[in-house]
Amino acid sequence: MFVSTPSRKKPGLRWAVPLLFAAIWLAFLWSISRPDEARRSLWLDWGALSTGLGNPQDWWAALRDGSVLRLFTALFLHADWLHMLGNLVFLLIFGPPAERMLGPWRLLLLFLLGGAAANLAALYVMGTPERTIIGSSGAVSALMGTYLALFPSARLGLVLPLGLFLEFVRAPAFLLIGAWAALQVVFAYIGPSFGMVAWSAHVAGFLFGIIYGLYVRAAIARRLRKSHGF
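Residues numbered from 1 in each chain as written. Predicted model: local features only at pLDDT ≥ 70, side-chain atom pairs only at ≥ 80, totals over all residues. Heavy atoms only, no water.

Asker: Tell me about the packing of aromatic side chains, residues and numbers included.
Answerer: Summed over the entire model, instances satisfying the criterion amount to nine aromatic pairs. Ring centres 6.2 Å apart and planes at 10° place the aromatic pair Phe90 and Phe94 in the stacked group. On the criterion of helical spacing, the pair formed by Phe90 and Phe94 is a turn pair, its members being four residues apart in helix α5 (residues 81–102). Here Phe90 falls in the partly exposed class, since its relative accessible area comes to 32%. Residues Tyr147 and Phe151 carry aromatic rings whose centres are separated by 5.1 Å and whose planes lie at 50° to one another, so their mutual orientation is tilted. Of the residues examined, Tyr147 reaches a relative accessible area of 7% and is grouped as buried. (Phe/Tyr/Trp six-rings, centres within 6.5 Å; stacked < 30°, edge-to-face > 60°. Helix = DSSP H or I, 4+ residues; strand = E, 2+ residues; numbered from the N terminus. Buried < 20%, exposed > 50% of the residue type's maximum accessible area, 1.4 Å probe, protein only.)

The structure is reproduced here in structure tokens:
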């Protein structure tokens, strides 16, 4: 007879989400402490590349002078409180469960690579070199895509206003996140006429996150099969 015994191994420290949360907060507090003109210069200097990367020469120049790193530094800059707090809320909702499954290093890699890929996609779609992209929306979108890939049957809490009362319901994650993703596609098609938001970055980040999550989930499944001798 085989008896299942609990593992005595303690779970590792989950530091990626707290680190990202603190970095975004500190970067925002630092930026708003500067005068308006200095803050705009900060966005231009550290926001996602405002010059094109349409050919190998552009890429080589960006790698040589280090400006390619702006694809990553842009993730920690936000225009205002609403912009920053909205991203932090989604980070706190989807980050901890994803980090429990992925571990801190994979979660950090997802945030940085997913955000950079989203920013790059948005720059190609916009095609306007005078614009600069800032914010972690693309990275958070990648996190949502990975969450959906890792937990397809999960349910999320939702507060609905019903007349004078608020009703708490639990809905399938794939339904809520799927509706959100569909809206991002619609807004990306409408374009700048629906606000100064890089909707295409949300779509690209979400797709990156799904692919990343499916790959990691398959790798975890293979590791579990090997550990159990299957």
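Asker: Break down the packing of α5 against helix α7 (residues 137–150) for me, with residues and values.
Answerer: Here α5 crosses α7 at 35°, and the two axes come no closer than 9 Å. Relative to α7, the crossing made by α5 is left-handed. Two secondary-structure elements touch here, α5 through His83, Asn87, Phe90, Leu91, Phe94, Gly95, Pro97, Ala98, Met101 and Leu102 and α7 through Ser137, Val140, Leu143, Met144, Thr146, Tyr147 and Leu150. Classifying every residue of the contact of α5 with α7 gives 12 nonpolar, five polar and no charged. (Axes fitted to C-alpha atoms, helices over the stretch in contact; angles between N-to-C directions. Left-handed = near helix turned anticlockwise from the far one by under 90°. Contact = heavy atoms within 4.5 Å. Nonpolar A, V, L, I, M, F, W, Y, C, P; charged D, E, K, R; others polar.)

Asker: For the pattern of salt bridges, give the residues involved together with the corresponding values.
Answerer: For the structure on display, the rule yields two salt bridges. The salt bridge partner of Arg40 is Glu37, with a shortest N-O separation of 3.1 Å. Placement of the pair is Arg40 and Glu37 together in helix α2 (residues 36–46), with a separation of three residues, close to one helical turn. On the basis of relative accessible area, Arg40 is assigned to the partly exposed category, the value being 42%. (Salt bridge = Lys/Arg side-chain N within 4 Å of Asp/Glu carboxyl O.)

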